[in-house]
Amino acid sequence: MNTGHVATETADEIDAQAPADDQPGFALALARRSAALDWQALPDEALHWARVGLLDTLGVTLAGSREEAPRIAAASLDLAPGPALILGSNRRIGPLDAA
């Protein structure tokens, strides 16, 4: 269940979760950069466009969820139940399927 908790892992904590003998993948590299980011050091314009991008992504995701094609696709897949909400629906699926 989502409690509204914001992730507070540091880049070092994220690094500790990585396999020692493997090159970091894209997701790990992105997590490291995100954890190390100083949001207050970003220019106001960068924050503005980040907000615009996030809102746009959410908007088109919700709008698209009402279309027939994604509903047909979701119904035809064998999605495991879990905690991840499919946006625009009341269906929850497993984290790997949601990713």
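Computed from a predicted structure; not experimentally measured.

Caption draft 1: Representation of the overall build of the chain in the model. Check the secondary structure of the chain and you find five helices and two strands. From first element to last, N terminus to C terminus, the chain shows the α and β order α-α-α-α-β-β-α. Across the 99 residues that make up the chain, the buried fraction comes to 9%. For the chain, contacts bridging at least 24 residues in sequence account for 14% of all contacts bridging at least 6. Carbon and sulfur atoms provide 60% of the accessible area of the chain, an area that totals close to 8,300 Å².

Caption draft 2: Expanded view of the layout of surface pockets. The computed volume of the largest pocket comes to approximately 230 Å³. Lining the largest pocket are 14 residues, with Pro 70, Arg 71, Ala 74, Ile 86 and Ser 89 positioned closest to its centre. A class-by-class count of the residues in the lining of the largest pocket yields seven nonpolar, three polar and four charged.

Caption draft 3: View of a nonpolar patch on the surface. The grouping of Leu 58, Leu 62, Leu 85 and Leu 87 at the surface amounts to a nonpolar patch, some 310 Å² of accessible area in total. Relative to the helices and strands, Leu 62 is located in helix H3 (residues 44–65).

Caption draft 4: Quick peek at the confidence of the model for the chain. For the chain, the average pLDDT comes to 82, and 76% of its residues sit at 70 or higher. Mean pLDDT per element in the chain: helix H1 (residues 11–16) is the minimum at 62, and H3 is the maximum at 93. The low-confidence segment residues 1–6, where pLDDT is below 50, has zero contacts with residues more than four positions distant or belonging to other chains.

Caption draft 5: Looking closely at the side chain of Ser 65. Within the element layout of this structure, Ser 65 appears in helix H3. Taking relative accessible area as the criterion, Ser 65 reaches 14% and is therefore assigned buried. Leaving out residues up to four positions away in the same chain, Ser 65 has contacts with Arg 71, Leu 87 and Gly 88.

Caption draft 6: Structural view of the environment of Asp 78. For Asp 78, the location among the structural elements is in the loop between helix H4 (68–76) and strand S1 (84–85). Along the primary structure Asp 78 and Asp 97 are separated by 19 residues, whereas in three dimensions their C-alpha atoms are 9.1 Å apart.

The rules behind the values
Residues numbered from 1 in each chain as written. Predicted model: local features only at pLDDT ≥ 70, side-chain atom pairs only at ≥ 80, totals over all residues. Heavy atoms only, no water. Helix = DSSP H or I, 4+ residues; strand = E, 2+ residues; numbered from the N terminus. Buried < 20%, exposed > 50% of the residue type's maximum accessible area, 1.4 Å probe, protein only. Contact = heavy atoms within 4.5 Å. Areas by Shrake-Rupley, 256 points an atom, 1.4 Å probe, with all protein chains shown as cover. 1 Å grid on protein atoms, 1.4 Å probe; cavity = no way out; pocket = protein on both sides within 12 Å on 5 of 7 lines; lining within 4 Å. Points joined across faces, edges and corners; volume = space filled by probe spheres on them. Nonpolar A, V, L, I, M, F, W, Y, C, P; charged D, E, K, R; others polar. Patch = residues over 30% accessible without salt bridge, like charges linked within 9 Å, V, L, I, M, F, W, Y side chains within 5 Å. Salt bridge = Lys/Arg side-chain N within 4 Å of Asp/Glu carboxyl O. pLDDT = per-residue confidence, 0-100.

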